[in-house]
Amino acid sequence: MARYAGHVQVATTQWQGVRRGVTVTAACSVSDDPATVLVCLNASNEANAIFEQSGSFALNALAGHHQALAKALAGFERLPVDQRFALADWVQLATGAPVLADALVAFDCRLLEIKRMGTHMVLFGQVVAMHFGPDNPPLIYLDRAFHAL
């Protein structure tokens, strides 16, 4: 899978004052009508249960200048949650999930369904709001490294 290039995105949610952000490459569009996206998260990480509890998430597409944020939310530097989120500016749209202010695009979603597949859970979300940030080169993950296109 290291040879499979993927657009780096951040899945975020918030529940009862607790925020969670996870760096992912396994996310994509599912349907145009209704507008639906999916994101795959590691089910063995107990902290990811918050996505189901909250009933919502945002999928934020990262740009090349977001490498530090991608690393932090991937847990590479083991920063506390507040320090991870302090690396960027966040806004809220319809669901209350954190939306990256300068994401290439962010999809604010109501959780429709969760499917468990092997080590992961696949979250399906209906897009209820969108946010468009500045037009920048996207951040890609390939050969175990980040690259800007």
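Source: prediction; values computed, not measured. (Residues numbered from 1 in each chain as written. Predicted model: local features only at pLDDT ≥ 70, side-chain atom pairs only at ≥ 80, totals over all residues. Heavy atoms only, no water.)

### Remarks on the overall build of the protein chain
Logical step 1: The helix and strand inventory of the protein chain stands at three helices and twelve strands.
Logical step 2: Its C-alpha radius of gyration of 14 Å places the protein chain within 12% of the 15 Å reference for a compact globule of 149 residues.
Logical step 3: Principal-axis analysis of the C-alpha atoms places the extent of the protein chain at approximately 35 × 35 × 30 Å.
Logical step 4: In the protein chain, which comprises 149 residues, the share counted as buried stands at 43%. (Helix = DSSP H or I, 4+ residues; strand = E, 2+ residues; numbered from the N terminus. Rg over C-alpha atoms; globule rule 2.2 N^0.38 Å. Buried < 20%, exposed > 50% of the residue type's maximum accessible area, 1.4 Å probe, protein only.)

### Side note on the pairing of strand β10 (residues 120-132)
Logical step 1: Inspection of the sheet shows strand β5 (residues 35-42) paired to β10 by seven bridges, in the antiparallel sense. Along β10, the bridge assignment pairs C40 with V122.
Logical step 2: In the sheet, strand β9 (residues 105-117) pairs with β10 via twelve bridges, with the strands oriented antiparallel. When the sheet's bridge partners are listed, R116 is paired in β10 with M121.
Logical step 3: In this structure, the hairpin formed by β9 and β10 is closed by a connection of two residues, where G118 is found at a positive phi of approximately 60°. (Pairing = 2+ DSSP bridges.)

### Things to note about the pairing of β5
Logical step 1: Alignment of strand β4 (residues 27-32) against β5, held across five bridges, turns out to be antiparallel. Note on β5: the bridge partner recorded for A27 is V39.

### Re the sheet that holds β5
Logical step 1: Ordered by their spatial adjacency, seven strands build an open sheet running β3-β2-β6-β9-β10-β5-β4, and the pairing between neighbours is antiparallel. The sheet is open, and its two edges are formed by β3 (18-24) and β4, each paired on a single side. On average, adjacent strands in this sheet sit at an angle of 30° to one another, irrespective of strand direction.
Logical step 2: With seven bridges joining them, strand β2 (residues 9-15) and β3 adopt antiparallel strand pairing. By the bridge assignment, T12 is partnered in β3 with G21. (Axes fitted to C-alpha atoms, helices over the stretch in contact; angles between N-to-C directions.)

### A look at the side chain of R20
Logical step 1: Tracing the backbone shows R20 in strand β3.
Logical step 2: Despite being buried, R20 has no salt bridge partner; E46 is the closest side chain of opposite charge, sitting 11 Å away.
Logical step 3: Polar side-chain contacts of R20 include one of 2.9 Å to the side chain of N48.
Logical step 4: If sequence neighbours within four positions are ignored, R20 has contacts with A11, T12, T13, N45, A47, N48, I50, F51 and F85. (Lys, Arg positive; Asp, Glu negative; His and termini not counted. Salt bridge = Lys/Arg side-chain N within 4 Å of Asp/Glu carboxyl O. Polar contact = N/O pair within 3.5 Å; in protein donor to acceptor, adjacent residues only side chain to side chain. Contact = heavy atoms within 4.5 Å.)

### Some remarks on the sheet that holds strand β11 (residues 139-142)
Logical step 1: Taken in spatial order, the three strands make up an open sheet running β1-β11-β12, and their pairing is antiparallel. Either end of the sheet is taken by a strand with one partner, and the two such strands are β1 (6-7) and β12 (145-148).
Logical step 2: In terms of strand pairing, β1 meets β11 through two bridges, oriented antiparallel. Of the residues in β11, the one forming a bridge with G6 is Y141.

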